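# A structural walkthrough
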Amino acid sequence: MSRIYEALQKAESERKLERREPELGVPEQPASAAMTTAVADPEDAFATPRFAETPIVTERYAEPSMRRVDGESLDLSRVPARPWALSLPQLPALQDRGPAVEQFRSLRSRIYELRDISPLKTILVSSGVPQEGKSFVSTNLALSLARHKNSKVLLIDGDMRRYSLHQILGCESHPGLADYLAGKATAMDVMQRPEVSQTPITGATPILPNLTFIAGGNGGDKAADLSGSPRFGELIRLAAPHFDWIIVDSSPVLPVSDAVNLARWCDGVLLVARGGVTKFPVAQRAQSELKASNILGFVLNAVHETPEIGGYYGYDATAQ
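Residues numbered from 1 in each chain as written. Predicted model: local features only at pLDDT ≥ 70, side-chain atom pairs only at ≥ 80, totals over all residues. Heavy atoms only, no water.

## Quick notes on the environment of A182
- Looking at the secondary structure, you find A182 in the loop between α7 (177-181) and α8 (187-190).
- With 43 residues separating them in the primary sequence, A182 and D225 have C-alpha atoms 9.4 Å apart. (Helix = DSSP H or I, 4+ residues; strand = E, 2+ residues; numbered from the N terminus.)

Now the structure itself:
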């Protein structure tokens, strides 16, 4: 009996020694495998704040600006800078003061409050029907987030049928998301930034270098199939470690299914309704279509009666 006990003890000691040896040798292969799992595992796709706050760095991947998903790497320093001609009347978030910019600051604060409750980085913006202002809201929300704490923001035009964000930003629309989802372009091919020398408003904070943009491209009749491609999830996983926020403007949810497909890869959904125009049943149906997603709330757009708060703080909020 004592011999059996001694044999068991010896076997257990050998197993412990085998488990400890890799730690002492620090081989290269396990470190590489750990990095691949942390980035590419679908279970980690939604734990994006952890990627931003505690990135995994090994000797092999010491450069923090590069990550790899399914063989594709992303180096933000190589994103091309192109001339943008901003449509300033459609970008009140770039103003220093005024009722419009205050509304987007308030929306930004609510978004941060929601992130304190649960992980939140990728936000899809949609509406029930066209002409409710979802593109206006998504663009200005992205700019407002980029102005706060120098946050890095990726803005994606996910409306591949009627893509319009490039018109607001005054930049190229191709190649875009549709080209990436179709496998015709890489993530680096479709990303762009404004030229650093551009300052949209004299004296304004130069926030645009913090903004990276992916245009819609032309999905056409294939937009529904493209929106359901798993490559969109790969794009989100690839980009998540590099950005504090990812804002996705999508198609209206009632006429087509594109928004529902894209929302599966996003942490939350903002729905936009137009004041005095959107009918309550339309808002209800839009919410019902996205019931499988995390709906953060509604944004009421084009409300003419804004609260008069400027005098309370001792200055005229409408002064420029």
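## Notes on the pairing of strand β9 (residues 268-274)
- In terms of residue burial, β9 counts as a mostly covered element, since 6 of its 7 residues are buried.
- Inspection of the sheet shows strand β4 (residues 122-127) paired to β9 by 5 bridges, in the parallel sense. Paired with I123 across the two strands is G268, which belongs to β9.
- Pairing geometry for β9 and strand β10 (residues 295-301), over 6 bridges, is parallel. Its bridge partner lying in β10, V272 is registered against V299.
- Handedness of the crossover joining β9 and β10 through helix α12 (residues 280-289): right-handed. (Buried < 20%, exposed > 50% of the residue type's maximum accessible area, 1.4 Å probe, protein only. Pairing = 2+ DSSP bridges. Right-handed = clockwise from strand over helix to strand, strands pointing away.)

## Remarks on the sheet that holds strand β8 (residues 245-249)
- Reading across from one edge, β3-β6-β7-β5-β8-β4-β9-β10 is the order of the 8 strands in this open sheet, with mixed pairing throughout. Looking at which strands have only one partner, the edges of the open sheet turn out to be β3 (81-82) and β10.
- As paired strands, strand β5 (residues 153-157) and strand β7 (residues 211-214) are joined by 4 bridges and run parallel to one another. Its bridge partner lying in β7, I156 is registered against I214.
- Contacts from helix α5 (residues 134-147) reach β4, β5, β7, β8, β9 and β10, with the element oriented near 170° to β8. (Contact = heavy atoms within 4.5 Å. Axes fitted to C-alpha atoms, helices over the stretch in contact; angles between N-to-C directions.)

## Some words on the nonpolar core
- The biggest cluster of nonpolar side chains holds 38 residues, and the ones touching the most others in it are I156 and M191.
- Per-element tally for this core: the top contributor is helix α10 (residues 231-239), with 5 residues.
- Not counting the four nearest positions on each side in its chain, I156 is found in contact with L165, L177, I214, L235, I236, I246, I247, V248 and D249. (Core = buried A, V, L, I, M, F, W, Y, C linked by side-chain atoms within 4.5 Å.)

## Quick notes on helix α4 (residues 99-117)
- For α4, built from 19 residues, the straight-helix expectation of 27 Å at 1.5 Å per residue is met to within 8% by its first-to-last C-alpha distance of 28 Å.
- For α4, the full list of buried residues reads V101, F104, L107, R108, I111 and Y112. All buried residues of α4 fall inside an arc of 145° around its axis, so they share one side. Of the exposed residues in α4, those oriented more than 90 degrees away from the buried face are R110, D116 and I117. (Expected span 1.5 Å × (residues − 1). Arc of directions from axis to C-beta.)

## Quick word on unusual backbone geometry
- Cis geometry is found at the peptide bond from H174 to P175, where omega equals -10°.
- Inspection of the secondary structure puts P175 in the loop between α6 (165-169) and α7.
- Phi at K149 is positive, roughly 60°, even though this residue is not glycine.
- By the element assignment, K149 lies in the loop between α5 and β5.
- The exposure class assigned to K149 is exposed, which follows from its relative accessible area of 67%.
- In this structure, N150 takes a positive phi of about 55° despite not being glycine.
- Mapped onto the elements of the fold, N150 is located in the loop between α5 and β5.

## Let's talk about the packing of α4 against α5
- In contact at an axis separation of 9 Å, α4 and α5 are set at 75° when each is read in the N-to-C sense. Between α4 and α5, the angle falls in the class roughly perpendicular. Only F136, V137, N140, L141, S144 and L145 of α5 make contact with α4, whose side of the interface consists of F104, R105, L107, R108 and Y112.
- Each residue belonging to the contact of α4 with α5 can be placed in one class, and the counts come to 7 nonpolar, 2 polar and 2 charged. (Parallel < 35°, antiparallel > 145°, perpendicular 65-115°, else oblique. Nonpolar A, V, L, I, M, F, W, Y, C, P; charged D, E, K, R; others polar.)

## Side note on the packing of aromatic side chains
- By the definition in use, this model includes 3 aromatic pairs.
- When the centroid spacing of 5.3 Å and the interplanar angle of 75° are considered together, the rings of Y112 and W245 count as edge-to-face. Here W245 lies in strand β8 and Y112 lies in helix α4, a separation of 133 residues in the sequence.
- On the accessibility criterion, Y112 (15% relative accessible area) is buried. (Phe/Tyr/Trp six-rings, centres within 6.5 Å; stacked < 30°, edge-to-face > 60°.)

## Concerning the environment of A263
- Its location among the elements puts A263 in helix α11 (residues 258-263).
- Those residues in contact with A263, other than ones at most four positions away along the chain, are L124, V269, L290 and S293.

## Examining the pattern of salt bridges
- Taken as a whole and assessed by the stated rule, the structure comprises 5 salt bridges.
- Between R105 and E102 there is a salt bridge, and its shortest N-O distance comes to 2.9 Å. Placement of both R105 and E102 in helix α4 is noted, with a separation of 3 residues, approximately one turn of the helix.
- R105 sits in the partly exposed class, given a relative accessible area of 24%.
- Across the pair K134 and D249 runs a salt bridge, and its minimum N-O distance is 3.4 Å. Residue K134 is found in helix α5, and its partner D249 is found in strand β8; the two are separated by 115 residues along the sequence. (Salt bridge = Lys/Arg side-chain N within 4 Å of Asp/Glu carboxyl O.)

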